[in-house]
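Chain and residue survey
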Amino acid sequence: MAWNESDWSAPLRKRPAHPILVVVVLAVTAGHLLVTQCSEKRPATQAATPSDAEARVNVLALCDAVQAYRDEHGVYVTAGPTPKEVPRGGRAVAFPKDETFHRIGFEPDGKVHFQYQVVVQESPVGEPEVSCIARGDFDGDGLNSLYRVRLDANGMTTPIEVEREGE
């Protein structure tokens, strides 16, 4: 059979999707979403798994607050460690009122899973070295996770340094 030009220019007819195939795809998608959502829910009596997101967000916010204070007042300040004891076993504790943290504008809302501190030291060349630190102990074994952000001489933050993540 020979092909002629009219065969090539004829409009293509698309077959509609088979209704059973559409139903199967929808059912599989709905089932996947249901399983995913249900597996992420926990009973109300079970505590949520602790996360290091708090420490990562707060050490950056703490360094931003320290730098903003320096920009306004001309000096870096030391602060903490607050709370006095490192929270252990994933337990959240109230962040105590602290005058220095209040003065620089760092006051986490509610409870925290980490202890926070600002350390200011002098470098060998006389420049201030600032470290914003979070310490936590999710598994309660006495070894602390440490999250640190440093401010350089220009007020720029380093990437977050993590030691013993998940500890």
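Starting from 1, residues in each chain are numbered consecutively following that chain's sequence as written. Side-chain atom pairs in this predicted model are given and counted only at pLDDT of 80 or more, local residue features only at pLDDT of at least 70, and totals for whole chains, interfaces and linings cover all residues. Side-chain numbers here rest on the full set of heavy atoms in the structure, without hydrogens or water.

Turning our eyes to something else, we now look at the packing of aromatic side chains. Here is the rule: rings of Phe, Tyr and Trp (six-membered ring for Trp) pair when centre to centre is within 6.5 Å. Planes less than 30 degrees apart are stacked, more than 60 are edge-to-face, and the remainder are tilted. With the rule as written, the count across this model stands at 7 aromatic pairs. Plain terms: the ring middles of F101 and F106 are 5.5 Å apart, the flat faces sit at 50 degrees to each other, and that makes the pair tilted. Under the relative-accessibility criterion, F106 is labelled buried at 4%. One aromatic cluster in this structure is built from F95, F101, F106 and Y116. Remark: exposure states derive from per-residue accessible area (1.4 Å probe, protein chains only) relative to the maximum for the residue type, with buried under 20%, exposed over 50%, and partly exposed in between.

Two side chains carrying opposite charge are able to pair once their charged atoms lie near each other. One side-chain nitrogen of Lys or Arg within 4 Å of one carboxyl oxygen of Asp or Glu is enough to make a salt bridge. Taken as a whole, this structure holds 7 salt bridges when the rule is applied. In this structure, R148 engages E163 in a salt bridge whose closest nitrogen and oxygen atoms are separated by 3.8 Å. Of this pair, R148 sits in strand β6 (residues 145–151) while E163 sits in strand β7 (residues 161–163), and the two are 15 residues apart along the sequence. On the accessibility criterion, R148 (15% relative accessible area) is buried. Among the ionic pairs, R164 bridges to E163, the shortest N-O distance being 3.9 Å. The exposure class assigned to R164 is partly exposed, which follows from its relative accessible area of 43%. Taking the relative accessible area as the measure of exposure, E163 reaches 33% and is therefore partly exposed. One salt-bridge network, in which partners are shared between bridges, spans R148, R150, E161, E163 and R164. Comment: elements are numbered from the N terminus, with helices defined as DSSP H or I runs of at least four residues and strands as E runs of at least two.

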